[in-house]
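Observations on chain architecture
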Amino acid sequence: MSLFDLTVRNVKRNFRLYSIYLFSMVIGVIIQFTFSSLMYNGDIMDALQNRDNFRMGVAIASVVVFVFIIFFILYANSFFMRQRKKEFGMYLLYGLSERQITMMVFYETLILSAISLVTGVLLGGILSKLFGMLLLRLMQYEQVISLSFPLQSILSTAGLFLLLAVIISVQSYIMVNRVQLMELFRAKQKSERPVRISAVLALLSVLLLVLSFAVISSGKGSVFWQDYATWSLIGVTVGIIGGTYLFFRQFAGWLLHRLSRGRKYHEGNTVLWTSSLRFQIRGNTLNLTFISLFSAAIMMLMCFMTINYKVQFDAVGRNLPNDIAYQSLDQQTNTMIDGMIRDSEHEILFHFTQEGLEVTPVTDMHAIVENPEYYTPDVLLVPEHAYNELITQRGDGEQVELQGNEAVGLAQGSDFPRVYEPGKMPDFTVRGPEQTVFKLAEIKDYAYLGWASDPVRSMLYKPAVLVISDEAYSRLAAEGTAVRKSYEIYGLSNARNAEALSREIHSIVTQTPDAYYSSFADVYSKQIESSSLMLFSSGFLALIAIFALASIIYFKQLREATDERLQYSILRKIGIDGRQIQSVIRKQLLFVFLPPLLLGVAYSWFIIKYYILDSVAGYSGLTGMTWGIMGVYFLIYLLLYLSSTNLYYKIVSENP
């Protein structure tokens, strides 16, 4: 029998062991081919406004997904190697060299890769149309996607999986070459023993987790994150990782130990499932810790990307609230631009010409904005009536009522908007050239003019705006010492598709140095396309991650169930029926599945709640959407639990 024939025989004989491995590789090929084919699909490229950014994003996402696939496959291969050490020991005893065993593993990997490649490319090509339509749907583009199998995508995917086969072979050679022959024969003997339990360490695990949750729930406005951000981050990271590890290593063991001391320990089947778990704690600690943290990472990734996607649609409008706004130029140029807009396919919904006074701040700009580096160094004073007129047209309900020297600072994007009580209003002094002191009544998370934009570079800077009372504005304007600036503000129909019109107007306005120009369309397509691609990519990455998590659980249960077949055979011989054995397995696996799920949900919810949702509190429906994502993950995890209990029962029901 040749080495290749032996390889084919091994694949057939161990097909159950390889099934989840093969299935995950097929999924990996589908996703890798899908991402690659997106870059070569002409229909998709025709629909996009920012093709170069899209290609760059797809390329980065493809690399991230493939690196993840590599780590997962290497983990699976290391499991296979441990499971087959006795088999490899027999090969060495019969005269095969480590090199021949490595070649056999390489042939196995090539066979599985070939099957995965053919199946994955066929399914990926068929599904690429669906995935392409889904991506464009996320971007809100209406475009017909054709079915295609780009040769470049096939070749690149095949090359990557050939590279993966080589990496696996190197890993296999190292693992075979590092062990002795006698070790190979004894590889599957159980060496696990109960962990020495410490009540102090068990209490420490709970304390670390409670302190971590307390610091997280304090919010980023607390003293922990404002004054000691680095130390707080280190403390929370150590607390979560160390607390989780000790929770499964010590607290779980302590809890099982307490159960064993209970009066009802020997009633029912408690003694059966707890005794088995006590011996598995040592081997399960790292896996359960990893699953908890990994689950939290998956849920946080999907929640963050989905929130980012949902927020972008409103956020672009908040960042650039005016469809087109620019600093007034000479009368002839303003008339020409107005004619260009009226001749376009975009109907003018409203048009305002509004005036402001440009002054120099004396007070530190941090008093009205959180990140002064994003704003102009000068401050634009806008009269109350002009501001309210524009806001009424927008229908945003952000009108103001001011008296005397009261003022409202506009800090769009602020995490901490504030309203000051009478008598506690801070001063804000400006010079234009005479100094004037205003009383800050409020800091609004809102924009009057919004970011200055560019069709190529997107957002550039924000005008710093202070809304003042009509009385104060009239007084300053009458003095004639401040610089007056006027702005043309337009509301358009179908503004999201006004890229061509924006480019034409931008080229005219920017002929005047430092002239302000802002257009909703300049940013909308870039923001929506990028956030859609990130959500699309993270969805596939989460899919791969879930398959990896399922495989880790599958491999672990496969090994433990195989090792415990003898014990369950003895239980059947002493009269324990199949129904009772199923009950034992369900309780045993529930103790393994439930704590990582609860910890993962808790970690992800606390971080998302206090550092994402609280920052976008003005957007509706995000909390329910977050719980929906976690609910979907819970259902997937429930299916994993049910399938694992069935798999476990089938294996232990076989003759040892």
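A brief structural summary. All residue numbers refer to position in the chain's written sequence, counted from 1. In keeping with the model being predicted, local features are shown solely for residues with a pLDDT of at least 70 and side-chain atom pairs are shown and tallied solely at 80 or more, while totals for entire chains, interfaces and linings include all residues. Side-chain metrics rest on all non-hydrogen atoms present in the structure, leaving aside hydrogens and water.

Glancing now at the overall build of the protein chain. Each helix corresponds to a stretch of at least 4 residues labelled H or I by DSSP, and each strand to a stretch of at least 2 residues labelled E; elements are numbered beginning at the N terminus. Looking only at helices and strands, the protein chain features 20 helices and eleven strands. For the protein chain, with 656 residues in total, the buried portion stands at 52%. Residue contacts are counted whenever heavy atoms from the two residues lie within 4.5 Å of one another. Counting contacts in the protein chain only where the partners sit at least 6 residues apart, residues at least 24 apart contribute 83% of the total. Buried means the residue's accessible area, taken with a 1.4 Å probe over protein chains only, is under 20% of the maximum for its type, while exposed means over 50%, and partly exposed covers the values in between.

Along the chain, isoleucine 337 falls in helix H13 (residues 331-343). Excluding its chain neighbours within four sequence positions, the residues that come into contact with isoleucine 337 are Tyr326, Ile505, Ile508 and Val509.

A few words on helix H15 (residues 470-479). In an α-helix there are 3.6 residues to a turn, and that puts residues three or four apart on one side. Among the residues of H15, Ala472, Tyr473, Leu476 and Ala477 are the ones counted as buried. Around the axis of H15, the buried residues are gathered within 125 degrees of arc, so they sit on the same side. Turned more than 90 degrees off the buried face of H15, the exposed positions are Glu471 and Ala478. Considering only its buried residues, H15 is in contact with strand S2 (348-361), strand S3 (375-383), strand S7 (435-444), strand S9 (458-468) and strand S10 (483-492). Read the arc as the range of directions from the helix axis to the C-beta atoms.

Let us now look at the side chain of serine 644. Summarising the element assignment, serine 644 is placed in helix H20 (residues 622-653). Serine 644 sits in the buried class, given a relative accessible area of 6%. In terms of polar contacts, serine 644 uses its side chain to reach the backbone carbonyl oxygen of leucine 640, at 2.8 Å. Sequence-distant contacts of serine 644, defined by excluding residues within four places in its chain, comprise Ile553, Gln557, Leu589 and Phe593. Side-chain atoms alone can form a polar contact between residues adjacent in sequence; in general such a contact is a pair of N or O atoms within 3.5 Å, and within protein one must be able to donate a hydrogen while the other accepts it.

Each pair of aromatic rings taken from Phe, Tyr and Trp, with Trp reduced to its six-membered ring, is defined by centres within 6.5 Å and is described as stacked if the planes are under 30 degrees apart, edge-to-face if over 60, and tilted in the remaining cases. Going through the model one piece at a time under the given rule, you end up with 18 aromatic pairs. Ring centres of tyrosine 487 and tyrosine 516 lie 5.8 Å apart, and the angle between their planes is 80 degrees; this geometry places the pair in the edge-to-face category. On the criterion of sequence distance, the pair formed by tyrosine 487 in strand S10 and tyrosine 516 in the loop between helix H16 (499-509) and strand S11 (517-519) is long-range, its members being 29 residues apart. The pair tyrosine 487 / tyrosine 516 is uniform in exposure class, with both members buried. Each residue in the set Phe213, Tyr603, Phe606 and Tyr610 is aromatic and connected to the rest through ring pairs, giving one cluster. Taking NZ or CZ as reference, lysine 609 lies 4.9 Å from the ring centre of tyrosine 610, over its face. Consider the ring centre and the ring normal. A charge sits over the ring if Lys NZ or Arg CZ is within 6 Å of that centre and within 35 degrees of that normal.

Summarising the element assignment, leucine 449 is placed in the loop between S7 and strand S8 (452-454). Residue classification places leucine 449 among the buried positions, given a relative accessible area of 1%. Separated by 13 residues in sequence, leucine 449 and lysine 462 have C-alpha atoms that sit 8.0 Å apart. When near neighbours in sequence (up to four residues on either side) are disregarded, leucine 449 contacts Pro321, Asn322, Leu380, Pro463, Tyr487, Ile489, Tyr516 and Ser518.

Moving on, we come to the environment of threonine 429. Looking at where threonine 429 falls in the secondary structure, it is placed in strand S6 (residues 427-431). Remark: the alpha-carbon pair of threonine 429 and threonine 363, spanning 66 residues in sequence, is separated by 5.3 Å. Not counting chain neighbours up to four residues away, the residues in contact with threonine 429 comprise Pro361, Val362, Thr363, Gln435, Thr436 and Val437.

Another aspect to go through is helix H14 (residues 384-394). Three or more residues of H14 are buried, namely Glu384, Ala386, Tyr387, Asn388, Leu390, Ile391 and Arg394. Phi for glycine 395, located one or two positions after H14, is positive at around 75 degrees.

One finds Phe35, Phe54 and Ile307 to be the most contacted residues of the largest nonpolar core, which totals 93 residues. When sequence neighbours within four positions are dropped, the list of residues in contact with isoleucine 307 reads Ile608, Ile612, Leu613, Val616, Leu622, Met625 and Thr626. Val359, Tyr473, Ala477 and Ala482 belong to the second largest nonpolar core, which has 23 residues in total. Nonpolar cores were defined as sets of buried Ala, Val, Leu, Ile, Met, Phe, Trp, Tyr and Cys residues, with membership established by side-chain atoms within 4.5 Å.

All quantities given are derived from atomic positions and should not be read as evidence of function.
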